[in-house]
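Listed below are the residues making up each chain.
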Amino acid sequence: MNWHAVWAIYNFEMARTRRTLFQSVVSPVISTSLYFVVFGAAIGSRITEIEGVSYGSFIVPGLIMLTLLTQSVMNASFGIYFPRFVGTIYELLSAPVSYFEIVLGYVGAAATKSIIIGLIILATAGFFVPLEIAHPFWMVAFLLLTALTFSLLGFIIGIWADGFEKLQIVPLLIITPLTFLGGSFYSVSVLPPFWQKVTLLNPVVYLVSGFRWSFFEVADVHVEVSLAMTAVFLALCLAIIWWIFRTGYRLKN
Amino acid sequence: MNGHDIVRDYRASRSLIGLVPQELTTDAFESVWDTVSFSRGLFGKPKNPAHIEKVLKALSLWDKKDNKIMTLSGGMKRRVLIAKALSHEPRILFLDEPTAGVDVELRKEMWQVVRDLRDSGVTIILTTHYIEEAQDMADRIGVINKGELMLVEDKIELMRKLGRKELRLQLQKKLDALPPALAGYNLTLDSDGSELVYSYDTQGERTGITALLAAINETGIRFKDLSTRQSSLEDIFVGLVGHK
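Residues numbered from 1 in each chain as written. Chains lettered and ligands numbered in written order. Predicted model: local features only at pLDDT ≥ 70, side-chain atom pairs only at ≥ 80, totals over all residues.

A. Representation of the overall build of chain A. Summing up its helical and strand segments, chain A has 10 helices and zero strands in all. Secondary structure elements of chain A, listed N to C terminal, follow the sequence α-α-α-α-α-α-α-α-α-α. Rg of the C-alpha trace for chain A: 19 Å, near the compact-globule value of 18 Å for 253 residues, within the 12% margin. Oriented by its inertia axes, the alpha-carbon framework of chain A measures out at about 60 × 35 × 35 Å. Relative to all contacts within chain A whose residues are 6 or more apart in sequence, the contacts with residues 24 or more apart total 82%. (Helix = DSSP H or I, 4+ residues; strand = E, 2+ residues; numbered from the N terminus. Rg over C-alpha atoms; globule rule 2.2 N^0.38 Å. Contact = placed C-beta atoms within 7 Å.)

This is the structure:
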């Protein structure tokens, strides 16, 4: 195991985050605060409790998930796409590093960054609404698993993309809509029965539901199902990445 | 590679190699120090600021170590690429056309660095279109034509085997044609008739120069000066590639 290489990649990526501290950390915090002002204070004051939880508190796990998913995908996709774009990928491909080590470095850094942002948002939420975490261990577990899974997805997108536009398409056109429609701001139970079934096709529902359960013990689907689905997404992403490195897809040309 | 299988034992083989690509593929926002240190880590070596400092000083980049790469000139970026390739103390250095687009002064500096590396025991594999560079620098030469390695040969041996020499005799009076008495010699008259050019093989048992000069003397042709010229590596290269 080339730990020096893993650390070099990780550190290099984290240095990029430190260089762009404002857009990396401050902007997600500001946009989350705006969500609290709009949904929590303006609209939330007119909505009564959802399953015994005040609306302002109810949306916190969904908001964290929204940021966690988009940040994980964007950080990881940009991290691997940029060396491909400028050509410095040659160094990575000629270095004595295994595919696993490359993924560990890039995905580890992307996941770390999005977890930090997620925790900052959690702390920011504490200023707006009362927060209690019923299962801190599972809260951290869902946070880690989701950040890891979507950073892997971001890594795949970063290799698949052949332009900056494609890099933006997935977070903007797929991740954000799925998160909004995945019960981030509402309980799936308020939907008509047909749409409840359709919603279950949305993978984000399971992530948000499990994460929310760790806070309030309130869930749209069983927490075991949430965990199992998260594990399935993780395994799927790992399988795709294994295939990418095995075939050299978009890496060696 | 040095006894290591390049597929099965890729870590050991790759860690021996430093690669300087032809294109200026550098990061933009990182500092020189950070990008060179990153390369060292990537190749599995622990931090060694003293070595990075030595490399940057050797490449005249020390005063730019904190500069962002995007602020450097093309020549400096080229040197950053070399510094990255040297950061992990490779035993084999691939230089892919390192002087393409580099000004004369910097080119000289770069060659000095390459010479020093060679003297320190690093094997350097240099690809270049400038044959005079190869002639000046290389110990062994390989000629690649259309992706096919035509030969690999010790430079001196190659020039000895494939090189030819020319004797040029500058005539006192111009000639219209080569006299018939000299037809048996491998002799040509240059286009304006002022020089006789004799090509000979330095490796032959006899160069034929003595007999030729005697024959010229008999014809009454007088010459005012003479010179000899060894064919360059470029001539050999053109001869090799041209025949293909």
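B. Quick look at the sheet that holds strand β3 (residues 123-127) of chain B. Residues and elements named next belong to chain B. Taken together, three strands build an open sheet; the order of strands is β1-β2-β3 and the sheet is parallel. With partners counted over all chains shown, the strands left at the sheet margins are β1 (17-20) and β3, one partner each. Adjacent strand axes in the sheet meet at a mean angle of 15° when their direction is disregarded. Pairing of strand β2 (residues 92-96) with β3, which is carried by five bridges, proceeds in the parallel orientation. Bridged to L93 within β3 is I124. (Pairing = 2+ DSSP bridges. Axes fitted to C-alpha atoms, helices over the stretch in contact; angles between N-to-C directions.)

C. The arrangement of the interface of chain B and chain A in detail. Counting residues at the interface gives 23 residues for chain B, matched by 17 residues for chain A. When contributions to the side of chain B that touches chain A are tallied by element, the ones reaching two or more residues are α1 (10-14), β1 and α2 (32-42) of chain B. The element that contributes the greatest number of residues to the side of chain B that touches chain A is α2(B), accounting for five residues.

D. Up close: the environment of B:G75. Residues and elements named next belong to chain B. Its place among the elements puts G75 in helix α4 (residues 74-86). When the 19 C-beta atoms within 10 Å are taken as the criterion, G75 is described as partly exposed. Between the C-alpha atom of G75 and that of T207, which follows or precedes it by 132 residues, the distance is 47 Å. In contact with G75, not counting residues within four places along its chain, are V102, D103 and L106. (Buried ≥ 20, exposed ≤ 12 C-beta atoms within 10 Å, placed from the backbone.)

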